[in-house]
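Secondary and tertiary structure notes
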Amino acid sequence: MQGLMMQQPLLVASLLAHAERHHGGQEIVSRRVEGDIHRYRYRDLAQRARRMANVLEGLGVKPGERVGTLAWNGYRHMELYFAVSGSGSVLHTLNPRLHVDQLAYIIEHAEDRVVFFDATFLPLIESVAPRVKSPKVFVAMTDRAHMPQANDLTGMLMCYEDLLELHDDVFEWPLLDENSASSLCYTSGTTGNPKGVLYSHRSTLLHTYAAALPDSLNCSARDVILPVVPMFHVNAWGLPYIACMVGAKLVFPGPALDGKSLYELIEAEQVTLSAGVPTVWQGLLTHVGERQETFASMRRTIIGGAPCPTAMTAQFQERYQVDVLHAWGMTELSPVGTVCSFKPHQLSLSTEERYTVQAKQGRSVFGIDMKIVGPDGEALPWDGHAAGDLLVRGQWVTRQYFGAGDGDASPLRDGWFPTGDVAKIDPDGFMQITDRSKDVIKSGGEWISSTDIENVACLHPEVATAVCIAARHPKWDERPLLLIVKKPGSALGGGEMLAFFDGRVAKWWTPDAVVFVESVPLGATGKVLKNQLRDQYRDYYLSA
Ligand code: ADP
C-alpha cells in the first residue's frame, strides 16, 4: 500500500524561502575583500538572490549549466549559492589555492558558462582566461567603485552590483526535480586529474537535515555561526544551507583567516559556533594565548578535515570552555560522515578517558552507513582493535564522478564508496582513522597530489626515481617530503631540486625537504612500497 503524503521536492531554494519567511530579520555579517564589514538580513539575501537569478537568466545561463565561483566566504557568495542552484543551474565552487593549470582544467572540464570572482583573485582570472575556451564572461563580485583594472579581460568583465541594478527581484524559484544537480565541487584525484562531485538538491537537503542535528553539528536559531572552512571547500561543510534551515546568524570571515582577525570577529559578533581545520584553530589559539584573551560567547567549535590533536581539544575545553566537536567527512560525502559527540555513559568518564574518545573521528550521523573491511573485502568487527578500509554508503554519498563516461568504472565497491581512509570502529560505533590508503597529502586542510609532485621531479634530467610521501608536520598537519634517487654521477643538491618546482606547481605544493636515497623499496610488481617509506619517514619534520 502506498503512503498518502505529499510529494514536495527537496529543493535548495526552499531553504532560502524558509529563512526569508521565518528568520527574515536574522543577520548575515561579512568581512569583505574591500576591507570593511558588511551586514544585512536574510530578507535582503533572499531579495538579492532573486535578482541574481534574473541576472543569470539575462546572461543566458540555462538550467543544468555550470556557474563557477572563485570567492571567499561572504554574502555575495551566499547569494550565488541560492541564485545559481535555486534557478536550476549548477553552482561550481572553485578552489583559489590550486595552480592555474589545474583551475583551467577544472573550469574547462565543468564547462563553466560564467565565473564570478572576488576582486582579489583578478590575477588568477587573468591567467586562466586565455587558457580556457569557455567561459567568456567573468563577473567581479564588487561594485563599480571597487572594480579592478583588467585590460586583458576587455569585453569579458562585468560588475556584480551593476548587473544586480539592471534587474528586479521578481523571480519564482522553479519547481525542479529534486534529483537534479545543484552544485559541483572538485576534489584531488589520487591519480590523474581532479574529480568533480556533483551534488543534487535532494542530497543537499537530506545532508542539511542530518548535519544540523544536536548530535551532529548542533545548530539552532540561537547560534551565531562562523564558517571558517571555505565556501569553496565542500560548501563550507554545508553551513550556508544549515544556517538557512535553522535561522542562525551567519558571520563570514572573507579573506582574513589569521588568528587576530578571526578573534576580533568572533568577539565583535558574539559568535557561538565556529568550524574549520586544525591549522586555522592553531593560529587562533596562538593569538588568544599570547594576549591572555578569552572567548566571551564562543561555546563550540567543529574541527575536521584533518585529525584534531588532543592538545588542541584540551586547550579549547579547559582554558576557554569551548567544546570541541571532532568531525570526519569528505567532498564525496557532502561532507559530513561522522561527528564525535558523546553518548550518555561517556559523560561520567574521567577527563583523560573523554579525551581518548574525542581523539576519534566519531560516530555515524543517521544516513551514513559505514563498515571496515580486510584485504579480501571481509567485514571486520567493531571491537576497537581491528583496522581496515573504511567504506560508506548513504543518501549524500557520491556514486559516480562528474563527466565520467559510460565505460568509466564506478568508484563504488559492491555499492559502497571506498573512502581511502583506514580506520577502526569501537563497540560504541566510534570510528577512528589510523591511516590512509589513498596516496595524497593533506596540508592545512587542502590536498596536494603526490603523483603530480613526482611527475614534476622526474622532469629533472638528473632524477632517476622520485617518490613523494606525506610526513607529519607540527603546523600544517602534513607536508610533502620528496625522496630522490639520483642518476649515476649526478651532483644534484636539495636546493636545486626544490627550486625546480618554481612555477611548475602552486608554491605551497613544493615539498619542504628532499632526501636523497640510494634506492626505494619495490613490491613484486615493481611498484614503490610507499607504506614502508611512510613508516620510515613519517616523523621526518617532527624530528628535524
Ligand atoms: P574535508 O576536508 O572537508 O574533510 P576532503 O574531501 O577535502 O574533505 O578530505 C577528506 C579526507 O580528509 C578524508 O578522507 C580523510 O582522509 C581526511 N579527513 C577529514 N576529516 C578528518 C579527520 N577528522 N581526521 C582525520 N582525517 C580527516
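Conventions and cut-offs
- Residues numbered from 1 in each chain as written.
- Predicted model: local features only at pLDDT ≥ 70, side-chain atom pairs only at ≥ 80, totals over all residues.
- Heavy atoms only, no water.
- Helix = DSSP H or I, 4+ residues; strand = E, 2+ residues; numbered from the N terminus.
- Rg over C-alpha atoms; globule rule 2.2 N^0.38 Å.
- Buried < 20%, exposed > 50% of the residue type's maximum accessible area, 1.4 Å probe, protein only.
- Areas by Shrake-Rupley, 256 points an atom, 1.4 Å probe, with all protein chains shown as cover.
- Lys, Arg positive; Asp, Glu negative; His and termini not counted.
- Charge placed at Lys NZ, Arg CZ, Asp CG, Glu CD.
- Pairing = 2+ DSSP bridges.
- Core = buried A, V, L, I, M, F, W, Y, C linked by side-chain atoms within 4.5 Å.
- Contact = heavy atoms within 4.5 Å.
- Near = heavy atom within 4 Å.
- Polar contact = N/O pair within 3.5 Å; in protein donor to acceptor, adjacent residues only side chain to side chain.
- Nonpolar A, V, L, I, M, F, W, Y, C, P; charged D, E, K, R; others polar.
- Salt bridge = Lys/Arg side-chain N within 4 Å of Asp/Glu carboxyl O.
- Domains from an automatic or database assignment.
- Buried area = accessible area lost by both parts, 1.4 Å probe.

Moving on, we get to the overall build of the protein. Looking only at helices and strands, the protein has 17 helices and 25 strands in total. Relative to its length of 544 residues, the protein is compact, with a C-alpha radius of gyration of 23 Å against a globular reference of 24 Å. Taken over the C-alpha atoms alone, the protein extends approximately 70 × 60 × 60 Å along its principal axes. The buried share of the protein, reckoned over its 544 residues, is 59%. Carbon and sulfur atoms make up 51% of the accessible area of the protein, which totals about 22900 Å². For the protein, the distance from the average site of its 50 positive side-chain charges to the average site of its 62 negative ones is 1 Å.

A one-sided burial pattern is seen for strand E2 (residues 37-41), the buried positions being His-38 and Tyr-40 and the unburied ones Ile-37, Arg-39 and Arg-41. In the sheet, strand E1 (residues 27-31) pairs with E2 via 5 bridges, with the strands oriented antiparallel. The residue of E2 that forms the bridge with Glu-27 is Arg-41. Count of turn residues in the E1/E2 antiparallel hairpin: 5 residues, of which Gly-35 carries a positive phi of about 110°.

Before going further, it helps to spend a moment on the nonpolar core. Membership of the largest hydrophobic core comes to 113 residues, with the highest contact counts inside it found for Phe-82, Phe-116, Leu-217, Trp-281, Leu-284, Phe-295 and Phe-316. Among the elements that take part in this core, helix H2 (residues 42-58) stands out by supplying 8 residues, more than any other. Once you skip the residues sitting within four places of it in the chain, Leu-217 turns out to touch Ala-211, Trp-237, Leu-239, Ile-242, Leu-273, Ile-302, Leu-325, Val-336 and Val-339. Ala-140, Ala-150, Met-156 and Phe-232 belong to the second largest nonpolar core, which has 31 residues in total.

Around the ligand there are 19 residues in total, and Ala-327, Thr-331, Asp-421, Lys-438 and Lys-442 lie nearest to it. Here a nitrogen atom of the ligand and a side-chain polar atom of His-326 are 3.1 Å apart. In the environment of the ligand, a nitrogen atom lies 2.8 Å from a nitrogen or oxygen atom belonging to the backbone of Ala-327. The fraction of the free accessible surface of the ligand (540 Å²) that becomes covered by protein chains is 98%. Sorting the residues of the shell around the ligand by element identifies helix H8 (234-237), strand E14 (323-329) and strand E20 (431-436) as the ones contributing at least two each. In terms of residue count, E14 provides more of the shell around the ligand than any other element does, 4 residues in total. Of the residues in the shell around the ligand, the class split is 9 nonpolar, 6 polar and 4 charged.

Here His-460 is to be found in the loop between helix H14 (450-458) and strand E23 (463-473). Taking the relative accessible area as the measure of exposure, His-460 reaches 5% and is therefore buried. Once residues within four sequence positions are removed from consideration, His-460 is found in contact with Leu-492, Glu-496, Met-497 and Phe-500.

This part is about the pattern of salt bridges. Evaluation of the coordinates by the stated rule reveals 33 salt bridges. Notably, a salt bridge pairs Glu-269 with Arg-39, separated by 2.6 Å at the nearest N-O pair. Residue Glu-269 is found in helix H10 (residues 259-269), and its partner Arg-39 is found in strand E2; the two are separated by 230 residues along the sequence. The exposure class of Glu-269 is buried, given its relative accessible area of 6%. Of the charged contacts in the structure, one is a salt bridge between Arg-538 and Asp-435, with a shortest N-O distance of 3.9 Å. Taken together, the residues span a long stretch of sequence, with Arg-538 in the loop between helix H16 (530-537) and helix H17 (540-543) and Asp-435 in strand E20 at a distance of 103 residues. The partly exposed category is assigned to Asp-435, whose relative accessible area is 29%. Taken together, the shared-partner salt bridges connect Arg-32, Glu-34, Asp-36, Arg-48, Arg-76, Glu-79 and Glu-161 into one network.

Strands in a sheet are paired, the pairing made by backbone hydrogen bonds, and the direction either parallel or antiparallel. With mixed pairing, 9 strands are arranged side by side in an open sheet as E2-E1-E11-E10-E12-E13-E14-E15-E16. The two strands at the open ends of the sheet, each matched to only one other strand, are E2 and strand E16 (363-364). Pairing geometry for E14 and strand E15 (residues 336-339), over 3 bridges, is antiparallel. Paired with Gly-329 across the strands is Val-336, a residue of E15.

What follows concerns the domain arrangement of the protein. According to the domain assignment, the protein contains domain 1 (8-200) and domain 2 (438-537). The C-alpha centroid of domain 2 is placed 36 Å from the C-alpha centroid of domain 1. Domain 1 puts 9 residues into the contact, and the matching count from domain 2 is 14 residues. Summed over both sides, the interface between domain 1 and domain 2 buries roughly 880 Å², with carbon and sulfur atoms accounting for 49% of that surface. For the interface between domain 1 and domain 2, the tally reads 1 salt bridge. Of the charged contacts in the structure, one is a salt bridge between Arg-97 and Glu-446, with a shortest N-O distance of 3.5 Å. Summed over the shared surface of domain 1 and domain 2, the number is 4 residue pairs in polar contact (both at pLDDT 80 or more). By residue class, the composition of the side of domain 1 that touches domain 2 is no nonpolar, 8 polar and 1 charged.

Attention now goes to the environment of Leu-176. Structurally, the position occupied by Leu-176 is in the loop between helix H6 (160-165) and strand E8 (181-187). For the pair Leu-176 and Ala-13, spaced 163 residues apart in sequence, the C-alpha to C-alpha distance is 9.8 Å. Among all residues touching Leu-176, those that are not within four sequence positions of it are Pro-9, Leu-11, Ser-85, Gly-86, Gly-88 and His-201.

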